[in-house]
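The residues making up each chain are set out below.
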Amino acid sequence: MINIDEFDAFCFDLDGTIYLGEELLPGVENVISQLRKANKKIMFITNSPTLTRAECCRRLKKMGVAAELEEVITATFLSAVYFTEQDPDALVYIVGEKAIEEEFKLFKLKTTNNPLEATHVLVGLDRSFSYQKLNLAMNALRNGAKLVLTNPDPACPVPGGFISDTMAIASAIKVASGKSNEQIVGKPSSFYAEKVLEKLQINTNRCLIIGDRLETDILLGKENDIRTCLVLTGTSTLADIKKEQIYPDYIVENLQFFLKE
């Protein structure tokens, strides 16, 4: 389906595109192998706020997909990049999991457990989110802190269905505080696209984004002049395309049907 000679780089989403849970999806090994043999650049781009780049690499390698650290971009990593570039003196109250704190430590960014000291509240998927955490984040925002989201996903595909994601938690915090988000770091933000292209060092017309979600993966491409391919192994369906009016350049059932024969 895809003529790889038209592109120099291929950016793959992870959840719902490369794997689902701990299961590698059909065609992945063959596609990655062929692209590497053709000396194409590969980037794994995920909105997951629960994994560091290093953890993503280990997870991919465990499934049989070789990946170097510089080939991986996560929402946690880019959240740290965002604060480093935009507000390096920020004091951040984190609603999220260990991966965010680990990436922040690598960048020597400052965090706080006292919401009334915070200049920013950073929200990511937090599978131990509680009423207490909701109140603490709310009070930080009501005290003047700015709200930043790692990613805008309301739900994430898992084997057998979905789990609530960052936007579900952020929505509760926004309603309680009466505040709206200042910045979304993850796909489909222009910040995310900018950092992907910086790493790849190529023109937008020589890059292809492959993902399972219209409103993040495909919209990332549509809003930044990058061609896209929707795979139907995760969140979005064919019916969603007409409903959302987000049109990918290519559509494949799974990665077994990705490459042109």
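In this convention, every chain numbers its residues from 1, walking through the sequence in written order. At least 70 in pLDDT is required for a residue's local features to be given in this predicted model, at least 80 for side-chain atom pairs to be given and counted, and no such filter applies to totals for whole chains, interfaces and linings, which use all residues. Hydrogen atoms and water are omitted, and side-chain values are computed over all heavy atoms in the structure.

Q: In this structure, what is going on with the overall build of the chain? I would like to understand it.
A: The secondary structure listing takes helices from DSSP runs of H or I that are at least 4 residues long and strands from runs of E that are at least 2 residues long, numbered from the N terminus. Within the chain one finds 9 helices and 15 strands. Here the globule rule reads 2.2 Å times residues to the power 0.38, and the radius of gyration is calculated from C-alpha atoms. Here the C-alpha radius of gyration of the chain, 18 Å, is about what a compact globule of 261 residues would show, namely 18 Å. Burial here depends on accessible area, computed with a 1.4 Å probe over protein chains only, as a share of the maximum for the residue type. Under 20% is buried, over 50% is exposed, and the range in between is partly exposed. Of all 261 residues assigned to the chain, the portion counted as buried reaches 56%. Contacts: residue pairs with any heavy atoms within 4.5 Å of one another. Pairs at least 24 apart in sequence give 68% of the contacts found in the chain among residues at least 6 apart. When the accessible surface of the chain is totalled, it reaches about 11700 Å², and 48% of it is carbon and sulfur. The chain carries 29 positive and 36 negative side-chain charges, and their two centres are separated by 2 Å. Residue exposure ignores everything except the shown protein chains as possible cover, and the areas themselves are Shrake-Rupley values with a 1.4 Å probe. When charges are counted, neither His nor the chain ends are considered; positive counts come from Lys and Arg and negative counts from Asp and Glu. Throughout, a charge is located at the NZ atom of Lys, the CZ atom of Arg, the CG atom of Asp or the CD atom of Glu.

Q: What's the story with the sheet that holds strand β9 (residues 146–149) in this structure? I'm lost.
A: Two pairing modes exist for strands in a sheet, parallel and antiparallel, and in both the strands are linked by backbone hydrogen bonds. DSSP bridges decide pairing: two strands pair if at least two such bridges lie between them. Strand order in the open sheet made by the 5 strands is β7-β6-β8-β9-β12, with parallel pairing throughout. Only two strands of the sheet have a single neighbouring strand rather than two, namely β7 (110–111) and β12 (183–184). Where strand β6 (residues 91–95) and β7 come together, 2 bridges link them in parallel fashion. Residue pairing in the sheet places Leu91 in a bridge with Lys110 of β7. Note on definitions: angles span 0 to 180 degrees between N-to-C directions of axes, and those axes are lines fitted to C-alpha atoms, for helices only across the stretch in contact. Those strands touched by helix α6 (residues 166–177) are β6, β8 (120–123), β9 and β12, and its axis lies near 145° from that of β8.

Q: How should the sheet that holds strand β13 (residues 207–211) be read in this particular structure?
A: Strand order in the open sheet formed by 6 strands is β5-β4-β1-β13-β14-β15, and the pairing between neighbours is parallel. The open sheet has two edge strands with one neighbour each: β5 (72–73) and β15 (250–252). Sheet topology note: the strand β1 (residues 9–12)/strand β4 (residues 41–45) ladder contains 4 bridges and is parallel. Considered in β4, the bridge of Phe12 is made with Phe44. Set on the sheet, helix α1 (residues 28–37) makes contact with β1 and β4; between it and β4 the angle comes to about 140°.

Q: I would appreciate a short explanation of the packing of aromatic side chains in the present structure.
A: We describe a pair of aromatic rings using the distance from one ring centre to the other and the angle between the two ring planes. Ring pairs are drawn from Phe, Tyr and Trp, using the six-membered ring of Trp, whenever the two centres fall within 6.5 Å, and their geometry is named by plane angle: stacked under 30 degrees, edge-to-face over 60, tilted for the rest. Under the definition given, this model contains 8 aromatic pairs. Ring geometry for Phe77 versus Phe107: centroids 5.8 Å apart, planes at 55°, classification tilted. A residue pair is termed long-range when its members are at least 10 positions apart, and Phe77 in helix α3 (residues 75–86) and Phe107 in the loop between α4 (98–106) and β7 qualify at 30 residues. Taking the centre distance of 5.4 Å and the plane angle of 80° together, the rings of Tyr82 and Phe83 count as edge-to-face.

Q: How should I be thinking about the pattern of salt bridges in this particular structure?
A: Pairing between side chains of opposite charge can happen when the charged atoms of each approach one another. The rule for a salt bridge is simple: a side-chain nitrogen of Lys or Arg has to be within 4 Å of a carboxyl oxygen of Asp or Glu. In total, this model carries 16 salt bridges according to the counting rule given. For Asp8, the salt bridge is made with Arg206, and the minimal N-O distance between the two is 3.0 Å. Note that Asp8 is positioned in the segment before β1 and Arg206 in the loop between α7 (190–200) and β13, a separation of 198 residues in sequence. The shortest N-O distance in the salt bridge between Lys195 and Glu194 comes to 3.6 Å. According to the relative accessible area criterion, Lys195 is buried, its value standing at 7%. When salt bridges that share partners are traced, they join Glu85, Glu194, Lys195 and Glu198 into one network.

Q: Would you explain the packing of helix α5 (residues 131–142) against α6 in this entry?
A: Axes are the key here: two packed helices are described by the angle between their axes and the distance separating the axes. The geometry of α5 relative to α6 is characterised by a closest axis approach of 9 Å and an angle of 50° between their N-to-C directions. If you check the angle between α5 and α6, you find them oblique. As α5 runs across α6, the sense of the crossing is right-handed. Contacts from Leu134, Ala137, Met138, Leu141 and Arg142 of α5 reach α6 at Ala172, Ile173, Ala176 and Ser177. Put simply, Ala, Val, Leu, Ile, Met, Phe, Trp, Tyr, Cys and Pro go in the nonpolar bin, Asp, Glu, Lys and Arg in the charged bin, and everything else, Gly too, in the polar bin. Residues belonging to the contact of α5 with α6 are distributed by class as follows: 7 nonpolar, 1 polar and 1 charged. Any angle that falls under 35 degrees is termed roughly parallel, while one over 145 is termed roughly antiparallel, one within 65 to 115 roughly perpendicular, and all others oblique. What makes a crossing left-handed is the near helix being turned counterclockwise from the far one by less than a right angle; a clockwise turn instead makes it right-handed.

Q: How should I be thinking about the pairing of strand β10 (residues 155–158) in this particular structure?
A: Side-chain positions along a regular strand alternate between the two faces of the sheet. Examined bridge by bridge, β10 and strand β11 (residues 161–164) share 4 bridges and lie antiparallel to one another. Residue pairing for β11: Ala155 is matched across the bridge by Ser164. Between β10 and β11, which pair antiparallel one after the other, the connecting turn spans 2 residues, and Gly160 there sits at a positive phi close to 90°.

Q: So what exactly am I meant to see when it comes to α1 here?
A: Owing to its 3.6 residues per turn, the α-helix brings residues three or four apart onto one side. Of the residues making up α1, those classed as buried are Val28, Val31, Ile32 and Leu35. Take α1 and look down its axis: the buried residues cluster within an arc of 95°, on one side only. Summarising the contacts, the buried residues of α1 are in contact with β1, β3 (23–24) and β4. Where α1 ends, the next residue or the one after it, Asn39, has phi of about 60°, a positive value. The directions considered for the arc run from the helix axis to the C-beta atoms.

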